[in-house]
Amino acid sequence: MSNKPLISIVDDDESVREATKGLMRAVGFCADAFGNAEDFLKFDRLHSTDCLIADVQMPQMSGLELHRRLVASGFSIPTILITAYPDEGGRERALKAGVIGYLAKPFTTDDLLACINAALGRGAPGPGRDHIST
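This write-up is about the structure you can find in this document. (Residues numbered from 1 in each chain as written. Predicted model: local features only at pLDDT ≥ 70, side-chain atom pairs only at ≥ 80, totals over all residues. Heavy atoms only, no water.)

**A word on the pattern of salt bridges**
If charged atoms from side chains of opposite charge come close, those side chains can pair. Applying the stated criterion across every chain yields a total of seven salt bridges. Glutamate 18 serves as the salt-bridge partner of lysine 21, at 3.6 Å between the closest nitrogen and oxygen. Here lysine 21 and its partner glutamate 18 are both found in helix H1 (residues 14-26), three residues apart, which amounts to about one turn of the helix. Here lysine 105 and aspartate 55 are joined by a salt bridge, their closest N and O atoms 3.5 Å apart. (Salt bridge = Lys/Arg side-chain N within 4 Å of Asp/Glu carboxyl O. Helix = DSSP H or I, 4+ residues; strand = E, 2+ residues; numbered from the N terminus.)

Set out below in C-alpha coordinates:
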(Lines give C-alpha, C1' and ligand atoms only; values in the text may rest on other atoms or scores of the structure.)
Protein backbone atom coordinates (compact mmCIF):
# COMPACT_ATOMS: atom_id res chain seq x y z
CA MET A 1 0.00 0.00 0.00
CA SER A 2 1.33 3.44 -0.94
CA ASN A 3 1.98 6.14 1.62
CA LYS A 4 0.84 8.76 -0.90
CA PRO A 5 -2.40 10.53 0.08
CA LEU A 6 -5.51 9.14 -1.61
CA ILE A 7 -7.67 11.76 -3.30
CA SER A 8 -11.17 10.68 -4.37
CA ILE A 9 -13.01 12.63 -7.05
CA VAL A 10 -16.78 12.47 -7.45
CA ASP A 11 -18.16 14.28 -10.50
CA ASP A 12 -20.82 13.30 -13.01
CA ASP A 13 -18.93 15.14 -15.77
CA GLU A 14 -16.52 12.54 -17.13
CA SER A 15 -14.11 15.08 -18.64
CA VAL A 16 -13.75 17.00 -15.36
CA ARG A 17 -13.52 13.76 -13.37
CA GLU A 18 -10.80 12.25 -15.54
CA ALA A 19 -8.83 15.49 -15.89
CA THR A 20 -8.85 15.99 -12.12
CA LYS A 21 -7.82 12.38 -11.52
CA GLY A 22 -4.97 12.76 -14.02
CA LEU A 23 -3.82 15.96 -12.36
CA MET A 24 -3.83 14.33 -8.92
CA ARG A 25 -1.68 11.48 -10.19
CA ALA A 26 0.65 13.85 -12.05
CA VAL A 27 1.41 15.78 -8.84
CA GLY A 28 2.10 12.59 -6.90
CA PHE A 29 -1.15 11.62 -5.21
CA CYS A 30 -3.05 8.36 -5.52
CA ALA A 31 -6.44 9.08 -7.08
CA ASP A 32 -9.72 7.32 -7.77
CA ALA A 33 -12.71 8.80 -9.55
CA PHE A 34 -16.44 8.10 -9.42
CA GLY A 35 -19.36 9.24 -11.56
CA ASN A 36 -21.76 9.58 -8.63
CA ALA A 37 -21.92 9.68 -4.85
CA GLU A 38 -23.43 6.20 -4.50
CA ASP A 39 -20.47 4.60 -6.29
CA PHE A 40 -18.07 6.44 -3.99
CA LEU A 41 -20.00 5.28 -0.90
CA LYS A 42 -19.49 1.66 -2.09
CA PHE A 43 -15.73 2.19 -2.60
CA ASP A 44 -13.74 -0.42 -0.68
CA ARG A 45 -11.11 2.20 0.20
CA LEU A 46 -13.60 4.89 1.28
CA HIS A 47 -12.09 4.99 4.77
CA SER A 48 -8.60 5.41 3.29
CA THR A 49 -9.57 8.55 1.39
CA ASP A 50 -7.51 11.49 2.64
CA CYS A 51 -9.35 14.19 0.69
CA LEU A 52 -12.60 14.22 -1.29
CA ILE A 53 -13.23 16.48 -4.28
CA ALA A 54 -16.93 16.48 -5.15
CA ASP A 55 -19.10 18.34 -7.61
CA VAL A 56 -21.89 20.32 -5.99
CA GLN A 57 -24.58 19.53 -8.55
CA MET A 58 -25.01 15.86 -9.41
CA PRO A 59 -28.04 13.64 -9.95
CA GLN A 60 -29.37 11.70 -6.95
CA MET A 61 -26.98 13.17 -4.35
CA SER A 62 -25.13 16.49 -4.42
CA GLY A 63 -21.57 16.92 -3.24
CA LEU A 64 -22.81 18.77 -0.15
CA GLU A 65 -25.31 15.99 0.61
CA LEU A 66 -22.49 13.45 0.25
CA HIS A 67 -20.33 15.41 2.69
CA ARG A 68 -23.19 15.67 5.18
CA ARG A 69 -23.94 11.96 4.88
CA LEU A 70 -20.32 11.07 5.60
CA VAL A 71 -20.26 13.38 8.65
CA ALA A 72 -23.58 11.97 9.92
CA SER A 73 -22.18 8.45 9.67
CA GLY A 74 -19.27 9.48 11.88
CA PHE A 75 -16.75 9.61 9.08
CA SER A 76 -15.66 13.05 7.99
CA ILE A 77 -13.31 13.24 5.01
CA PRO A 78 -11.82 16.69 4.33
CA THR A 79 -13.95 17.81 1.39
CA ILE A 80 -13.49 20.32 -1.41
CA LEU A 81 -16.63 21.18 -3.37
CA ILE A 82 -16.37 22.27 -6.99
CA THR A 83 -19.17 23.85 -8.99
CA ALA A 84 -19.94 25.32 -12.38
CA TYR A 85 -22.74 27.34 -10.73
CA PRO A 86 -21.22 29.14 -7.74
CA ASP A 87 -23.40 31.22 -5.48
CA GLU A 88 -22.74 32.88 -2.15
CA GLY A 89 -25.59 31.05 -0.38
CA GLY A 90 -24.29 27.66 -1.49
CA ARG A 91 -20.78 28.60 -0.47
CA GLU A 92 -21.92 29.67 2.99
CA ARG A 93 -23.93 26.45 3.49
CA ALA A 94 -20.93 24.39 2.42
CA LEU A 95 -18.55 26.17 4.77
CA LYS A 96 -20.99 25.90 7.68
CA ALA A 97 -21.18 22.16 6.97
CA GLY A 98 -17.40 21.97 7.37
CA VAL A 99 -16.06 21.68 3.82
CA ILE A 100 -12.44 22.77 3.33
CA GLY A 101 -12.92 24.65 0.08
CA TYR A 102 -15.50 25.76 -2.48
CA LEU A 103 -14.12 26.32 -5.97
CA ALA A 104 -15.84 27.63 -9.08
CA LYS A 105 -15.15 25.79 -12.34
CA PRO A 106 -12.91 26.39 -14.12
CA PHE A 107 -10.46 26.56 -11.24
CA THR A 108 -6.69 26.79 -11.47
CA THR A 109 -4.35 23.95 -10.57
CA ASP A 110 -2.75 26.19 -7.95
CA ASP A 111 -6.10 26.92 -6.29
CA LEU A 112 -7.06 23.25 -6.18
CA LEU A 113 -3.67 22.21 -4.83
CA ALA A 114 -3.84 24.94 -2.17
CA CYS A 115 -7.18 23.51 -0.99
CA ILE A 116 -5.82 19.95 -1.02
CA ASN A 117 -2.76 21.00 0.96
CA ALA A 118 -5.02 22.69 3.52
CA ALA A 119 -7.16 19.53 3.68
CA LEU A 120 -4.07 17.41 4.25
CA GLY A 121 -2.78 19.75 6.95
CA ARG A 122 0.07 21.03 4.80
CA GLY A 123 -0.88 24.69 5.09
CA ALA A 124 -3.71 27.03 4.34
CA PRO A 125 -4.56 28.57 0.99
CA GLY A 126 -2.53 31.70 0.36
CA PRO A 127 -3.69 35.31 0.50
CA GLY A 128 -5.54 36.71 -2.48
CA ARG A 129 -7.49 33.50 -3.04
CA ASP A 130 -10.78 34.75 -1.64
CA HIS A 131 -12.78 32.18 -3.63
CA ILE A 132 -11.11 29.45 -1.59
CA SER A 133 -12.37 29.17 1.94
CA THR A 134 -10.96 27.23 4.81
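**Thoughts on the sheet that holds strand S3 (residues 51-55)**
Strand order in the open sheet made by the five strands is S2-S1-S3-S4-S5, with parallel pairing throughout. Each end of this open sheet is capped by a strand with a single partner; those strands are strand S2 (30-34) and strand S5 (101-104). Pairs of neighbouring strands in the sheet enclose a mean axial angle of 20°, with direction left out of account. Together, strand S1 (6-10), S2, S3 and strand S4 (79-83) form the strand contacts of H1, whose direction differs from that of S2 by roughly 170°. Sheet strands touched by helix H3 (residues 63-72): S1, S3 and S4. Its angle to S3, the strand with the most contacts, is close to 145°. (Pairing = 2+ DSSP bridges. Axes fitted to C-alpha atoms, helices over the stretch in contact; angles between N-to-C directions. Contact = heavy atoms within 4.5 Å.)

**Considerations on the pairing of S1**
Along S1, five of the five residues are buried, which leaves the element largely enclosed by surrounding structure. Burial of the side chains of S1 extends over both faces: Leu6, Ser8 and Val10 are buried on one face and Ile7 and Ile9 on the other. Each parallel crossover has a hand, and the one from S1 via H1 to S2 is right-handed. Where S1 and S3 come together, four bridges link them in parallel fashion. Its bridge partner lying in S3, isoleucine 7 is registered against cysteine 51. (Buried < 20%, exposed > 50% of the residue type's maximum accessible area, 1.4 Å probe, protein only. Right-handed = clockwise from strand over helix to strand, strands pointing away.)

**A short note on H3**
Of all the residues in H3, the buried ones are Gly63, Leu64, Leu66, His67 and Leu70. One side of H3 holds all its buried residues, which, seen down the axis, span an arc of 160°. Next to the buried residues of H3 lie S1, helix H2 (37-41), S3, S4 and helix H4 (88-96). Following H3 by one or two positions, glycine 74 adopts a phi angle in the positive range, close to 90°. (Arc of directions from axis to C-beta.)

**As for the packing of aromatic side chains**
All told, the structure shown has three aromatic pairs when counted by the stated rule. Centroid distance phenylalanine 40 to phenylalanine 43: 6.4 Å. Interplanar angle 35°. Geometry classified as tilted. Pair check on accessibility: phenylalanine 40 and phenylalanine 43 agree, each one buried. Members of the aromatic cluster, joined through ring pairs, are Phe34, Phe40 and Phe43. (Phe/Tyr/Trp six-rings, centres within 6.5 Å; stacked < 30°, edge-to-face > 60°.)

**Some words on unusual backbone geometry**
Of the consecutive residues lysine 105 and proline 106, the connecting peptide bond is found in the cis state with omega at -10°. If you trace the backbone, proline 106 turns up in the loop between S5 and helix H5 (109-119). Although it is not a glycine, glutamine 60 adopts a positive phi angle of roughly 70°. Following the sequence through the fold, glutamine 60 ends up in the loop between S3 and H3. By relative accessible area, glutamine 60 is classed as exposed at 75%.

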